[in-house]
Amino acid sequence: QQQVKQSPQSLIVQKGGISIINCAYENTAFDYFPWYQQFPGKGPALLIAIRPDVSEKKEGRFTISFNKSAKQFSLHIMDSQPGDSATYFCAAMNRDDKIIFGKGTRLHILP
Amino acid sequence: KAGVTQTPRYLIKTRGQQVTLSCSPISGHRSVSWYQQTPGQGLQFLFEYFSETQRNKGNFPGRFSGRQFSNSRSEMNVSTLELGDSALYLCASSLGPGNGYTFGSGTRLTVV
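Below you will find a few notes about this structure. Position labels on residues start from 1 in each chain and follow its written sequence. Written order determines the labels here, with chains lettered from A and ligands numbered from 1. Predicted model: local features are reported for residues with pLDDT of at least 70 only, side-chain atom pairs are reported and counted for 80 or more only, and whole-chain, interface and lining totals are derived from all residues. Excluded from the side-chain calculations are hydrogens and water; all other atoms, namely the structure's heavy atoms, are used.

A few words on the state of the cysteines. In this description, the term disulfide denotes a pair of cysteine sulfurs within 2.5 Å. Under the definition given, this model contains two disulfides over all chains. Between the sulfur of A:Cys23 and that of A:Cys90 lies a disulfide, 1.9 Å long from S to S. One disulfide, between A:Cys23 and A:Cys90, carries an S-S torsion of -95° and so falls in the left-handed class. Separated by 67 residues along the polypeptide, A:Cys23 in strand S3 (residues 19–25) and A:Cys90 in strand S9 (residues 86–92) bring together distant segments of the chain. The disulfide bridge from B:Cys23 ends at B:Cys91, spanning 1.8 Å between sulfur atoms. The sign of the -55° torsion about the S-S bond sets the B:Cys23-B:Cys91 disulfide as left-handed. In this pair, B:Cys23 sits in strand S3 (residues 19–24) while B:Cys91 sits in strand S9 (residues 87–94), placing the two residues 68 residues apart along the sequence. Partly exposed describes any residue whose relative accessible area lies between the buried limit of under 20% and the exposed limit of over 50%, with all areas from a 1.4 Å probe on protein chains only and scaled to the type maximum. The buried category is assigned to B:Cys91, whose relative accessible area is 0%. Here a helix means four or more residues in a row that DSSP labels H or I, a strand means two or more in a row labelled E, and each is numbered from the N terminus.

See below:
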């Protein structure tokens, strides 16, 4: 019940295309869903986050779509650029517990 | 505003030795969490401290321990190192439970 399942494990997208990464959770007590971006040799950096009272949040080219009834959320990267090539982690947490990370998606944008 | 600082950045130890890693959180952040990152297992939660008290603990053996000081700085210790402990150890800080985390760049530990 504490797991966050992330897919795909790896993703290759053409420059200018849309990158989509999906996550699913089981614990309905989760109330904060962040996405992290990690470049080689660096720690994960918070990219965008959403709370379950909204179905979508957009920041620049990055959008989180949230489906509370299906217990799923996804990250969409519009107009993907080579600089977006990184590993992306979804996560879920609630106030009283630790943050749970997905296994990560290695994204490669072809120039 | 300084980010999360982890020292050292790289470390090579011999099997059986012990190691101490340090983490200085962002000023004002009172919660510090530690993670082990390996290629096969992703980010695995070690423990979380808030106001010098351990709030949560992951499924790691007792060889892994940590503590937090009154200035919110934290240390983690691994005793009797094993080859499988080779990993990137990440520290993250936040204002408190339920808030977003900011990660440091990690300490790359290699056990030989």
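Contacts between the two partners involve 19 residues from chain B and, on the opposite side, 18 residues from chain A. Note on terms: buried area is the combined drop in 1.4 Å-probe accessible area of two parts once they are placed together, counting the loss on both. Of the roughly 1500 Å² buried where chain B meets chain A, counting both sides, 52% is carbon and sulfur surface. When residues of chain B are sorted by the area they lose upon contact with chain A, B:Leu43, B:Gly98 and B:Tyr101 head the list and together hold 32% of the total. Whenever a carboxyl oxygen of Asp or Glu lies within 4 Å of a side-chain nitrogen of Lys or Arg, that contact is scored as a salt bridge. Joining chain B to chain A, the criterion identifies zero salt bridges. The definition of a polar contact used here is a pair of N or O atoms within 3.5 Å, where within protein one atom must be able to donate a hydrogen and the other to accept one, and adjacent residues in sequence count solely through side-chain atom pairs. Taken together, the links from chain B to chain A amount to two residue pairs in polar contact (both at pLDDT 80 or more). Here the side of chain B that touches chain A takes three residues from strand S5 (residues 42–50) of chain B, the largest share from any one element. Residue composition of the side of chain B that touches chain A, grouped by class: eight nonpolar, nine polar and two charged. Between two residues, a contact is recorded if the distance between any of their heavy atoms is within 4.5 Å. Only Asp, Glu, Lys and Arg are considered charged in this grouping, and only Ala, Val, Leu, Ile, Met, Phe, Trp, Tyr, Cys and Pro are considered nonpolar; every other residue, Gly among them, is considered polar.

The next point concerns the sheet that holds strand S1 (residues 4–7) of chain A. All names here are of chain A. Two strands qualify as a pair provided that DSSP identifies no fewer than 2 bridges between them. Read from one edge of the open sheet, five strands run S1-S3-S8-S7-S6, paired in antiparallel fashion. Looking at strand neighbours, the two that pair on one side only are S1 and strand S6 (56–59), the edges of this open sheet. Ignoring which end each strand starts from, the neighbouring axes of this sheet average 15° apart. Between N-to-C directions, angles cover 0 to 180 degrees, with each direction set by a line fitted to C-alpha atoms, over the stretch in contact for helices.

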